[in-house]
Amino acid sequence: MAPEHDVVVVGAGFSGIGAGIELKRNGIHDFVILEQADDLGGTWRDNSYPGVAVDIASAVYSFSFELNPNWSRTYAPGAELQAYAAHCAAKYEVLPHIRLRTRVHEARFEEAGDLWRLTIEHTDTGERAETTARFLIGATGGLTQPKAPDIAGLAGFGGVTMHTARWDHSVNLTGKRVAVIGTGATAVQVVPAIAPEVRRLTVFQRTPIWCVPKPDRAISGTEQAVYRRLPAAQRAMRYLQASVTETVMVGIRLYYKRIPWANHAVERICLAHLKRQVPDPALRERLTPRYGFWCKRPTYSNDYWRTFTRDNVGLVTDPIARVTRTGIRTTDGRLHKIDVLILATGFKVFEIGNTPPFPVYGRDGVELGRYWDEQRYQAYLGASVPGFPNAFLMLGPYALTGGSWFQLVENQARHAVRVLREAQRRGSSRVEVRPEAHRRYFEQVQRRQRGTVFFNHDCGNANSYFFDRHGDAPFLRPGLAVEAWWDARRFDLNDYSYSTAPGRPKGVSDDRELLAHR
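So, here is what we can say about the structure in this document. These numbers come from a predicted model, not from an experiment. (Residues numbered from 1 in each chain as written. Predicted model: local features only at pLDDT ≥ 70, side-chain atom pairs only at ≥ 80, totals over all residues. Heavy atoms only, no water.)

Some details on the overall build of the protein
Alright, step 1. In terms of helices and strands, the protein carries 14 helices and 20 strands.
Alright, step 2. Relative to the globule expectation of 24 Å for 518 residues, the C-alpha radius of gyration of the protein, 24 Å, shows essentially globular dimensions.
Alright, step 3. In terms of principal-axis extent, the alpha carbons of the protein reach across some 75 × 50 × 45 Å.
Alright, step 4. Each of the 518 residues in the protein was classed as buried or not, and the buried ones make up 57%.
Alright, step 5. One way to put it: in the protein the 67 positive side-chain charges average out to a point 5 Å from where the 54 negative ones average out. (Helix = DSSP H or I, 4+ residues; strand = E, 2+ residues; numbered from the N terminus. Rg over C-alpha atoms; globule rule 2.2 N^0.38 Å. Buried < 20%, exposed > 50% of the residue type's maximum accessible area, 1.4 Å probe, protein only. Lys, Arg positive; Asp, Glu negative; His and termini not counted. Charge placed at Lys NZ, Arg CZ, Asp CG, Glu CD.)

Following this line, the structure appears as structure tokens:
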């Protein structure tokens, strides 16, 4: 049985776009990218709340092969990231491969044909269909499914309720009493943005967040012109910002046990920043984190803490008892009356139902989400799992170093395509990571985790999405970006097994080779 496509990629955010670019660069053109929404862009399509911006410097948060000289700020606003996604998809001719409004309901590996069969739905018509592919690449991202808080009475609120990832732009906040539940990286951006507009803003905090001063600035037209004429200048700026990002966002987390003073130094910088922005010691005390820096995702901001000194902004740290029709009642018995409820409560991450976001059945009917839920989250170099042949992940357990999402995208795409090309070279229709290689990588990351901040610096009360129900921290790889870059290009291809049963179609097609034989 010949599949309809060589490769199916699920998701048209930057991960899916990056996978498509890498496939085309390597002569693999028979692929399709399935996207359930009506536009590409992923995170930057879904998150359009006031104040949304990248929290990694824009020069770093971009493809290494497609620098953008037109960023308006050091930390670009979200709309520019969405435009950049569209630009990359068009320039590298990925757009013709994208099928919008196509939701994947299930994927099953058929051993008889060495292929993946996907049940899909065309969301504009509701029609269901099937498609098949030799290889499957999951590019559904990690922060895509909003997570509503488990609070009694939430559904019965009589005003407007919206999650930050599903912002309703038809709602006018001017003069309204607004509540924000959550104080993570999203709240850090949205709270300062809406505070001047609303009548009253009440922020309900469970866990304070660490904020590093944000070295943000507008990029002048002159500087943009220099970058356009001298790409090497922008590349130098990228390397400089990448080095700072790697130090703050990776190094001090990874090597905490060896250099705890570095982590504590950043904490002192943050606390000094907090003191400058919040003179009131009682309020400052309530905003001070009681866990180690990096136990929970930190962020950059010059405005968040200062916002709580405004007359129309209040911070509530008493636990929420329930949501009523008119507001939020806290455990101290107080009712906070509101008109609009904003949920800045984050996303499902490494938990069943999100990673993966649809059932994926491998050999012998084993479902990937349940396998991870029972056996702990693990994947060889964050890319593949034994028992799931011909399948690769862009964001698998222990794949992301934490410096930039684009490092992950480029590394994981390179990993998958290297294996696909090797299968092509060998004439194989099935590839599967060897259990011993998979086990070796998992044991390596567990050894390294012992020295990270996650298990050495009071992370127990951080309420962090970095940790899963097993107590592991699979979201981030305990390694530097340069190591992940090297591994993606130099891992032993014999860590995979390759096979083809008699009579089966072989490998993946290569348009360049086909043309050469015509």
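Moving on, there is more to tell.
Description of the sheet that holds strand β12 (residues 313-316)
Alright, step 1. Pairing is parallel in the open sheet, where five strands are placed in the order β7-β16-β8-β9-β12. Each of the sheet's edge strands pairs with one partner strand only, and the pair in question is β7 (160-163) and β12. Averaged over all pairs of adjacent strands, the angle between strand axes in this sheet comes to 20°, irrespective of strand direction.
Alright, step 2. Pairing geometry for strand β8 (residues 177-181) and strand β9 (residues 200-204), over five bridges, is parallel. Across the sheet, the residue bridging to Val 180 is Val 203, located in β9.
Alright, step 3. Against the sheet, helix α4 (residues 185-194) contacts β8, β9 and β16 (340-343), and its axis sits at roughly 170° relative to β8. (Pairing = 2+ DSSP bridges. Axes fitted to C-alpha atoms, helices over the stretch in contact; angles between N-to-C directions. Contact = heavy atoms within 4.5 Å.)

Side note on the state of the cysteines
Alright, step 1. Taken as a whole and assessed by the stated rule, the structure comprises one disulfide.
Alright, step 2. Two residues, Cys 295 and Cys 459, share a disulfide whose sulfurs are 1.9 Å apart. As the torsion about the S-S bond is roughly -70°, the Cys 295-Cys 459 disulfide counts as left-handed. With Cys 295 in the loop between α8 (281-287) and β11 (299-300) and Cys 459 in the loop between α12 (435-449) and α13 (481-490), the pair connects residues that are 164 residues apart, well separated along the chain. Residues Cys 295 and Cys 459 agree in their burial class; the two are buried.
Alright, step 3. Of all cysteine sulfurs in the structure, the one in Cys 211 sits closest to Cys 270, which takes part in no disulfide; the separation is 7.4 Å. (Disulfide = S-S within 2.5 Å.)

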